[in-house]
Amino acid sequence: MSLEVHVNTRGDLRPNPSTDPIAAIFYRIHNDVPSDHPKAPSVCGVILNRDQAELESAGEPGDGKTCFKYNQSPNVADVVTVSGELELYEKFLLLISFWDPDIFTGYEIESVSWGYVIERGYALDMNLMKKLSRVPSVDKVHVTEEEQRELLEMHDYSAGLKIPGRILLDIWRLMRHEIALTSYTFENVVYHVLHRRIPNH
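None of these values were measured; they are calculated from a predicted model.

Undergrad: Could you clarify how one ought to interpret helix α6 (residues 186-194) in this entry?
TA: Helical geometry note: an α-helix holds 3.6 residues per turn, so side chains three or four residues apart project in the same direction. Of all the positions in α6, only Glu187, Asn188, Val189 and Val190 are classed as buried. Residues of α6 that are buried sit in contact with α5 (171-178).

Written out as C-alpha cells, the structure is:
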C-alpha cells in the first residue's frame, strides 16, 4: 500500500503535524491475487477532509463517495469525503483493516506520508503505531543480536520508522541507492525514472 498526504499549511511554512490537519489521504493498493479473486488486484483512492477542502458543492450532499478518472489514465479513483479529521482517520483505519497490506510504502515516509499520519495521530491523542501494527498488544518487540545485524544491513533501504508486522519501504531511500542523481526530489526522480514531467508537489 502506497500512501501520500496533502496538508494545507500556514503561509510558506512546512507541514507541522502538531498544528496542521490532514486535508486528504491518497492511496494505492496492489493486491497480488488471481483475476477471479473476490478482492480487486488494484485499487486507488482519496479520503478527502471536507473541513480542509475549500470546495463549494451545489445541491444535496450524496453518500460521500464518488469516483473520478485519472487524467490520461484508465484507472478510476474512489473519492470518499468526510466531515472532519477524526472521521478521516476512521475511514483510513477501516481501509487498513479491510486490505491488511504486508508492505507500506511512500516517498519520504518519515517526514511525510506514513510518518505524518502517525505524528498527526499523536496530536489527536491516537496511537496509530498500535492501530497499524499487526501485533497491537505488543509494546516492545524483542530482537535477537542476529536479527539486529540483519536490520542494520537493511536500514539503508528501509525506513527508520518501524511498525511491527509490516514492511516499510521508503522510495526516497531506495532511489538514493539505485540511481545517481544530483537531486532526489519527487519530481526529479519521476522525470529520470519514468521519463515524465509532473507538477511540483
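Undergrad: Could you clarify how one ought to interpret the side chain of arginine 120 in this entry?
TA: Along the chain, arginine 120 turns up in helix α2 (residues 114-123). Accessibility expressed as a relative area gives 7% for arginine 120, which makes it buried. Apart from residues no more than four positions distant in its own chain, arginine 120 is found in contact with Pro17, Ser18, Thr19, Asp20, Pro21, Ile22, Glu85 and Tyr89.

Undergrad: Looking at this model, I keep getting lost on the pattern of salt bridges. Mind explaining?
TA: Oppositely charged side chains can form a pair if their charged atoms are brought close together. Overall, the coordinates contain 5 salt bridges when judged by the stated rule. Among the ionic pairs, glutamate 85 bridges to arginine 120, the shortest N-O distance being 2.9 Å. Taken together, the positions of glutamate 85 in helix α1 (residues 85-99) and arginine 120 in helix α2 put the pair 35 residues apart, joining distant regions of the chain. Measuring nitrogen to oxygen at the nearest pair gives 2.8 Å for the salt bridge that ties arginine 166 to aspartate 100. One end of the pair, arginine 166, is in the loop between α4 (145-154) and β7 (167-170); the other, aspartate 100, is in the loop between α1 and β6 (103-106), and 66 residues separate them in sequence. Where salt bridges share partners, they join Asp100, Asp102, Arg134 and Arg166 into one cluster.

Undergrad: Can you walk me through the side chain of aspartate 20 in this structure?
TA: When you line up the elements, aspartate 20 lands in the loop between β1 (2-7) and β2 (22-30). Polar side-chain contacts of aspartate 20 include one of 3.1 Å to the side chain of arginine 10. Ignoring any residue separated from it by four or fewer positions in sequence, one finds aspartate 20 in contact with Val7, Asn8, Thr9, Arg10, Arg14, Pro15, Tyr116 and Arg120.

Undergrad: Explain the packing of α1 against α2 here, please?
TA: Each pair of packed helices can be summarised by the angle the axes make with each other and by the distance between the axes. As a packed pair, α1 and α2 sit with axes 12 Å apart at the nearest point and diverge in direction by 125°. With respect to each other, α1 and α2 are oriented oblique. As for how α1 packs across α2, the hand of that crossing is left-handed. Within the contact between the two elements, α1 uses Glu85, Tyr89, Phe92 and Ile96 and α2 uses Trp114, Tyr116, Val117, Arg120 and Gly121. Residues of the contact of α1 with α2, tallied by class, amount to 6 nonpolar, 1 polar and 2 charged.

Undergrad: Hey, could you run me through α2 in this one?
TA: α2 sits mainly inside the fold: 7 of its 10 residues count as buried. Of all the residues in α2, the buried ones are Trp114, Gly115, Tyr116, Val117, Ile118, Arg120 and Gly121. Considering only its buried residues, α2 is in contact with β1, β2, α1, β6 and α3 (128-132). Looking one or two places after α2, you find aspartate 125, whose phi comes out positive at around 60°.

Undergrad: Is there a simple way to think about the nonpolar core in this case?
TA: If you look at soluble globular proteins, the nonpolar side chains tend to sit buried side by side. Ranked by size, the top nonpolar core spans 32 residues in total, and within it Met1, Phe92, Trp114 and Leu132 carry the most contacts. Looking at this core, the elements that each hand over two or more residues are β1, β2, β3 (42-49), β5 (76-82), α1, α2 and α3. Top contributing element to this core by residue count: α1, with 7 residues. Of all hydrophobic cores here, the second largest spans 5 residues; its members include Tyr107, Met175, Leu181 and Val189.

Undergrad: Would you take a moment to explain the pairing of β7 for this structure?
TA: Residues in a regular strand project their side chains so that they alternate between the two faces of the sheet. The side-chain alternation of β7 yields one buried face, formed by Leu168 and Asp170, and one unburied face, formed by Ile167 and Leu169. Here β6 runs beside β7; their pairing, made up of 4 bridges, is parallel. Across the sheet, the residue bridging to threonine 105 is leucine 169, located in β7.

The rules we used
- Residues numbered from 1 in each chain as written.
- Predicted model: local features only at pLDDT ≥ 70, side-chain atom pairs only at ≥ 80, totals over all residues.
- Heavy atoms only, no water.
- Buried < 20%, exposed > 50% of the residue type's maximum accessible area, 1.4 Å probe, protein only.
- Helix = DSSP H or I, 4+ residues; strand = E, 2+ residues; numbered from the N terminus.
- Contact = heavy atoms within 4.5 Å.
- Salt bridge = Lys/Arg side-chain N within 4 Å of Asp/Glu carboxyl O.
- Polar contact = N/O pair within 3.5 Å; in protein donor to acceptor, adjacent residues only side chain to side chain.
- Axes fitted to C-alpha atoms, helices over the stretch in contact; angles between N-to-C directions.
- Parallel < 35°, antiparallel > 145°, perpendicular 65-115°, else oblique.
- Left-handed = near helix turned anticlockwise from the far one by under 90°.
- Nonpolar A, V, L, I, M, F, W, Y, C, P; charged D, E, K, R; others polar.
- Core = buried A, V, L, I, M, F, W, Y, C linked by side-chain atoms within 4.5 Å.
- Pairing = 2+ DSSP bridges.

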